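Structure at a glance
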Amino acid sequence: MHPYVARLHWAGSTGAGIRAYSRDHAAVAAPATPVVALSADTAFRGDPDRLNPEQLVVMAASSCQLLSFLGAAARAGVDVLSYDDEATSHLDLDASPARLGTIHLAATVTVAAGTDEALVRELAERAHRSCYIASSLAVPVEVGMTVRFG
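One structure accompanies this document, and this report is about it. (Residues numbered from 1 in each chain as written. Predicted model: local features only at pLDDT ≥ 70, side-chain atom pairs only at ≥ 80, totals over all residues. Heavy atoms only, no water.)

1. Observations concerning the sheet that holds strand β7 (residues 103-111)
Under the convention used in this document: When DSSP locates at least two bridges between a pair of strands, those strands are taken to pair. The way it works is that DSSP assigns letters per residue, a run of H or I at least four long becomes a helix, a run of E at least two long becomes a strand, and they are numbered from the N terminus. Lines fitted to C-alpha atoms define the axes, with helix axes restricted to the stretch in contact, and inter-axis angles between N-to-C directions lie between 0 and 180 degrees. Contacts between residues were defined by any pair of non-hydrogen atoms, one from each residue, lying within 4.5 Å.
The strand order across the open sheet formed by three strands is β4-β7-β8, and the pairing between neighbours is mixed. Either end of the sheet is taken by a strand with one partner, and the two such strands are β4 (80-88) and β8 (141-149). For this sheet, the mean inter-axis angle between neighbouring strands, taken without regard to orientation, is 20 degrees. Direction of pairing for β7 relative to β8: parallel, over a ladder of nine bridges. Residue pairing for β8: His104 is matched across the bridge by Glu142. In this fold helix α1 (residues 53-76) packs onto β4, β7 and β8, with an angle of close to 155 degrees to the strand it touches most, β4. Packed onto the sheet, helix α2 (residues 117-130) meets β7 and β8 and runs at close to 155 degrees relative to β8.

The structure is reproduced here in structure tokens:
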């Protein structure tokens, strides 16, 4: 069992109504020490210089796929030289309840010359099936991959 604890703090006043209170808050997850400055999406009066919860979910799905893929590649003896991902989603306010839509991962992976591309794609699929975050989400996570050779 691997427990995870995050501590979050907000202070202010909602006394002046829905338009007036600050959406800014901070979180930390020990044993890591950085404090993450958070807010709401700018569409909901948040600070655009701070991460919002929706971005964190998309980022978590991307990070989990990366880590699962690197582990699968290392176990298979595949030399991965770089991995970049542009992860996207959108907030579907027409859904009931409103939620994030499908998370799309668009990874670009550079592997050592001579690596079997089919194996790289199989490892990406295997990584997706073993990603804890994707398995925990109610929204689908779709993985796309471009393979380059270094």
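2. Overview of α2
What counts is decided by this rule: What a helix should span is 1.5 Å times the count of its residues minus one. Burial here depends on accessible area, computed with a 1.4 Å probe over protein chains only, as a share of the maximum for the residue type. Under 20% is buried, over 50% is exposed, and the range in between is partly exposed. Think of the arc as the fan of directions from the helix axis to the C-beta atoms. Identification of polar contacts relies on pairs of N or O atoms within 3.5 Å, with a donor-acceptor requirement for protein atoms, meaning one able to donate a hydrogen and the other able to accept it, and with residues adjacent in sequence counted only if both atoms are side-chain atoms.
In this model, α2 (14 residues) spans 20 Å end to end at C-alpha, consistent with the 20 Å of a helix rising 1.5 Å per residue. Within the span of α2, buried status applies to Val120, Leu123, Ala124, Ala127 and His128. Down the axis of α2, the smallest arc covering the buried residues is 140 degrees, so these residues share one side. In α2, the exposed positions angled more than 90 degrees off the buried face are occupied by Ala118 and Arg129. Buried residues belonging to α2 abut α1, β7, α3 (132-136) and β8. One side-chain oxygen of the residue at the start of α2 lies 3.1 Å from the amide nitrogen of Ala118, identifying that residue as Asp116.

3. Considering the pattern of salt bridges
Worth spelling out the cut-off: Each salt bridge in this description consists of a side-chain nitrogen of Lys or Arg and a carboxyl oxygen of Asp or Glu lying within 4 Å of one another.
Within the structure shown, the criterion is met by six salt bridges. Measuring nitrogen to oxygen at the nearest pair gives 3.9 Å for the salt bridge that ties Arg50 to Asp47. Residue Arg50 is classed as partly exposed on the basis of its relative accessible area, which comes to 25%. When its relative accessible area of 24% is taken as the criterion, Asp47 is described as partly exposed. One salt bridge in this structure joins Glu125 and Arg129, with 3.8 Å as the shortest N-O distance. A residue pair is termed a helical-turn pair when its members lie 3 or 4 positions apart in one helix, as Glu125 and Arg129 do in helix α2 at four residues. Here Glu125 falls in the partly exposed class, since its relative accessible area comes to 37%. One network of salt bridges, in which partners are shared, links Glu122, Glu125, Arg126 and Arg129.

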